[in-house]
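These are the residues of each chain, in order.
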Amino acid sequence: MLADIRKFLDKYLGPADAVASNRHTIEVATAALLVEIVRMDGDVQPMEREAVLRAVRDKFHLTDLEARTLIDLAEQEARDATDYYQFTSIINRRFSQPQKIRVIELLWEVAYADQVANPYEEHLIRKLADLLYVDHRDYITAKLRARNTGLQHKQSPQG
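Quick look at the structure, then.

Parameters and conventions
Residues numbered from 1 in each chain as written. Predicted model: local features only at pLDDT ≥ 70, side-chain atom pairs only at ≥ 80, totals over all residues. Heavy atoms only, no water. Helix = DSSP H or I, 4+ residues; strand = E, 2+ residues; numbered from the N terminus. Contact = heavy atoms within 4.5 Å. Areas by Shrake-Rupley, 256 points an atom, 1.4 Å probe, with all protein chains shown as cover. Phe/Tyr/Trp six-rings, centres within 6.5 Å; stacked < 30°, edge-to-face > 60°. Buried < 20%, exposed > 50% of the residue type's maximum accessible area, 1.4 Å probe, protein only. Lys NZ or Arg CZ within 6 Å of the ring centre and 35° of its normal. Core = buried A, V, L, I, M, F, W, Y, C linked by side-chain atoms within 4.5 Å. Axes fitted to C-alpha atoms, helices over the stretch in contact; angles between N-to-C directions. Parallel < 35°, antiparallel > 145°, perpendicular 65-115°, else oblique. Left-handed = near helix turned anticlockwise from the far one by under 90°. Nonpolar A, V, L, I, M, F, W, Y, C, P; charged D, E, K, R; others polar. Expected span 1.5 Å × (residues − 1). Salt bridge = Lys/Arg side-chain N within 4 Å of Asp/Glu carboxyl O.

What the protein contains, in helices and strands, is nine helices and zero strands. Element order for the protein, N to C, with α for helix and β for strand: α-α-α-α-α-α-α-α-α. For the protein, the share of sequence-separated contacts (at least 6 apart) that also reach a separation of at least 24 residues comes to 71%. Total accessible area computed for the protein in this model is approximately 8,500 Å², and 53% of it derives from carbon and sulfur atoms.

Before going further, it helps to spend a moment on the packing of aromatic side chains. With the rule as written, the count across this model stands at two aromatic pairs. Plain terms: the ring middles of Trp108 and Tyr112 are 5.7 Å apart, the flat faces sit at 25 degrees to each other, and that makes the pair stacked. Classification of Trp108 by relative accessible area gives buried; the value is 0%. What links up through ring pairs into an aromatic cluster is the set Trp108, Tyr112 and Tyr139. Of note, Lys59 hangs over the ring of Phe95, and the distance from its end group to the ring centre comes to 4.5 Å.

A few words on the nonpolar core. Grouped burial of nonpolar side chains is what soluble globular proteins tend to show. Ranked by internal contacts, the top residues of the largest apolar core, which has 48 residues, are Leu34, Val52, Val56, Ile104, Leu107, Trp108 and Ile125. Breaking this core down by element, the ones donating at least two residues are helix H3 (26-39), helix H4 (46-60), helix H5 (64-80), helix H6 (85-94), helix H7 (97-111), helix H8 (119-131) and helix H9 (136-155). Ranked by residues supplied to this core, first place goes to H3 with 10 residues.

The geometry of H4 relative to H7 is characterised by a closest axis approach of 9 Å and an angle of 155 degrees between their N-to-C directions. What the angle tells us is that H4 and H7 run roughly antiparallel. Handedness of the crossing formed by H4 with H7: right-handed. Along the contact surface, H4 presents Glu48, Ala51, Val52, Ala55 and Lys59, while H7 presents Gln99, Leu106, Glu109 and Val110. Residues that form the contact of H4 with H7 fall into these classes: five nonpolar, one polar and three charged.

Let's shift gears to H4. Over its 15 residues, H4 runs 21 Å from end to end, which matches the ideal 21 Å to within 8%, given 1.5 Å per residue. All buried positions along H4 are accounted for by Glu48, Ala51, Val52, Leu53, Ala55, Val56 and Phe60. Downstream of H4 by a residue or two, His61 has a phi angle that is positive, lying close to 55 degrees.

Moving on, we get to the pattern of salt bridges. On inspection of all chains with the given rule, the structure shows nine salt bridges. Between Arg145 and Glu105 there is a salt bridge; the shortest N-O distance is 2.8 Å. Of this pair, Arg145 sits in helix H9 while Glu105 sits in helix H7, and the two are 40 residues apart along the sequence. With a relative accessible area of 36%, Arg145 lands in the partly exposed category.

Phi angles above zero are rare outside glycine, and His61 is one such case at about 55 degrees. Since its relative accessible area comes to 70%, His61 is described here as exposed.

Structure (structure tokens):
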């Protein structure tokens, strides 16, 4: 497992010394927030894990294996984190406003993966939107787009 993580970091994020100086990359930061949404209600469902995989894979153009490796790393980082600032500060520095709004939409997609966004998930997404300087209008628009995306996945033949 650790060898897979090291290979991923070396391939996509640069050599080990560069990783050591910038442990939290934009990919890990984004995936860690997505993982936190899954953990928020204490009941991790397979469809939530699949939503995180799909979000990470599509957002960063990764293969399934690369996305799973990134998620494993992000889960460890999220467990070790003392707050969300270490992730949101990277996103604020590296992402444009439309990209940050897209992160909020991805968070909502994960929250709606089990068809219900519970109050804990809603509270965390609101908090993260504030930390990412996403205004309320964009937060609500992202929520509605994600909910509609979730309904489309539910009604489609494969999901």
